[in-house]
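As a plain string of letters, each chain reads:
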Amino acid sequence: MPKLYIETVGCQMNVLDSELVVAALRKEGYELTSDSAAADTVIFNTCSVREHAEEKIYSALGRLKNAKQQNPDKVIGVIGCMAQNHQRTVFERAPYVDLVVGPGQLHQVPELIRKVQTTGDQQLEVSLGRKEGSRTEIARSHESFDPLRDPTMRPTPFQAYVRIQIGCDKFCTYCIVPSVRGPEQSRHPEDILAEARQLAGEGCKEITLLGQTVNSYKYNEGEQTTRFSDLIYSLHDVDGIDRIKFVTNYPKDMTDDLLEAVRDLPKCSKYLHVPAQSGSDAQLKAMRRGYTVGEYREMLARTYEMIPRVAVTSDFIVGFSGETDEDFQMSMDLVRESRFKNSFIFKYSERPGTKGAQHLPDDVPDAVKRARNNEMLQLQNEISEADNQRFLGEAVQVLVEGPSKAAAKKEAELGAVPLQTQLTGRTMCDRIVVFDGNRRQIGETIDIAIYDANAHTLFGTVVTQHVQPELVTLG
Ligand code: 5AD
Ligand code: SF4
């Protein structure tokens, strides 16, 4: 059986894409290996959001050069966003790469590997650029909704990603995504529902809906428009699905009908990822985010008011073009007052091909970017810790995902899989909980009493149901 090694970096969309590629290759007889040296085919599913992610892939490719020299039959593939972004440049920088396949052509991977094997020629399959055709042509070249899935590639057997939208039309000036993932397209609601039903039938309990701006989801058919909230209501009726999550939200599209759906639907995770990116109007304008800080604040206040104890997370970019100390302090103010459960903080990385790279100088020194990143991270960590401390003494409902990281490491070292082990799972508002439990609890939703918390994790014990003697009826 041919062996496949696949490495995935980047966002959840890439995790899902890898699942689809693995499923397609398994159908061809491939089996997975975690050893790239032993693999017949090595695939990197790549990310282009920051330069660092791309450079890491080139380093990883560099490490394969010798292996390819020793075994010329080894097929090396680069797929995903960097493939779309760099195209032939990948072959120029790493001439021993056999195949470069964009996110819109992943269904062709098995056939392209066969072509490499039969012809020995390098294969390049990518979508049209944003200016290389009509919108319909470009959109079609990115379309790759593929229902074939591989359950073993999922985060866990009972959790799965479901793509509801591809591409993005927001064109934030720093962002490469609209170029590499193409025009925003919402998937047909019936296809999404069918996929959710199929997943539920396979034992999946939690689905995470994926899109660059999921809450901009809209599907028009004749007179009828399906909004994102309508879609969530339909998915809520799917038997077997207990939890529905979704990422990422666009602040401007956080409408009341969506917030009401999140509030009213018990299966809906009370967790919203709504990236602010900056707390300065000048920066938001330069980024072309399409909202002011005031509007973001209003959205957040509305969210907190409508959904009690909702957890909100955010992304911030520090050191974007022209960011002054005052701009940065405004972002710090926004972090301080917003009580995000967590924020992902990134140093601006100029991406060739974006409006930012064309028109706005990357003029904040790297040392300043780093210092701002650390300062914001420290503030967010303090907030996250204080926020988590509110759970001390409370019981939370946890969907148990599997052994904790520490337990999994220990088990791998010992080569043993004990029944009693440290487990991890997530609450309805996406907080990570670690506790001592029993393997049989994996996949179950159980109550955990919290006794300790740090910025990233809650620690607890399983709540055992004490039956009051007077309620016990015998016979
Ligand atoms: N530089 C740094 N961070 C970026 N992001 C997107 N593009 C860039 C870039 N060029 C961040 C944004 C986005 C997250 C996924 O990555 O914060 O929300
Ligand atoms: Fe990139 Fe902006 Fe689209 Fe998000 S909304 S994917 S940051 S262009």
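This is a predicted model, so every value here is computed, not measured.

### Some points on the site of ligand 2
Move 1: In the vicinity of ligand 2, the contacting residues are Cys168, Lys170, Phe171, Cys172, Tyr174, Cys175, Val177, Pro178, Gln212, Thr213 and Arg289.
Move 2: Among the residues forming the shell around ligand 2, the class breakdown is 7 nonpolar, 2 polar and 2 charged.

### What about the UniProt feature "domain: TRAM" (unreviewed entry) in the protein chain?
Move 1: The UniProt feature table records "domain: TRAM" (unreviewed entry) at residues 389-464.
Move 2: As a span, residues 389-464 carries 14% helix and 50% strand, and end to end its C-alpha atoms are 22 Å apart.

### Observations concerning the packing of helix H13 (residues 293-306) against helix H14 (residues 325-338)
Move 1: Relative orientation of the contacting elements H13 and H14 amounts to 10°, with a least axis distance of 12 Å. With respect to each other, H13 and H14 are oriented roughly parallel. Between H13 and H14, the contacting residues are Val293, Tyr296, Arg297, Leu300 and Tyr304 on the first element and Leu334, Glu337 and Ser338 on the second.
Move 2: Class assignment for the residues of the contact of H13 with H14 results in 5 nonpolar, 1 polar and 2 charged.

### Examining the sheet that holds strand S2 (residues 31-32)
Move 1: Read across the sheet, 6 strands follow the order S2-S1-S3-S4-S5-S6 without closing on themselves; strand pairing throughout is parallel. With partners counted over all chains shown, the strands left at the sheet margins are S2 and strand S6 (123-125), one partner each.
Move 2: Bridging between strand S3 (residues 41-46) and strand S4 (residues 75-80) involves 6 bridges; their strand directions are parallel. For phenylalanine 44, the partnering residue across the bridge sits in S4 and is valine 78.
Move 3: The sheet strands contacting helix H6 (residues 109-119) are S3, S4, strand S5 (99-101) and S6, and the helix crosses S5 at an angle near 160°.

### Observations concerning helix H10 (residues 228-236)
Move 1: For H10, the full list of buried residues reads Phe228, Ser229, Leu231, Ile232, Leu235 and His236. The buried side chains of H10 occupy one side of the element, clustering within an arc of 155° when seen end-on.

The rules behind these values
Residues numbered from 1 in each chain as written. Chains lettered and ligands numbered in written order. Predicted model: local features only at pLDDT ≥ 70, side-chain atom pairs only at ≥ 80, totals over all residues. Heavy atoms only, no water. Near = heavy atom within 4 Å. Nonpolar A, V, L, I, M, F, W, Y, C, P; charged D, E, K, R; others polar. UniProt positions renumbered as here; feature names shortened; annotations may be inferred. Helix = DSSP H or I, 4+ residues; strand = E, 2+ residues; numbered from the N terminus. Axes fitted to C-alpha atoms, helices over the stretch in contact; angles between N-to-C directions. Parallel < 35°, antiparallel > 145°, perpendicular 65-115°, else oblique. Contact = heavy atoms within 4.5 Å. Pairing = 2+ DSSP bridges. Buried < 20%, exposed > 50% of the residue type's maximum accessible area, 1.4 Å probe, protein only. Arc of directions from axis to C-beta.

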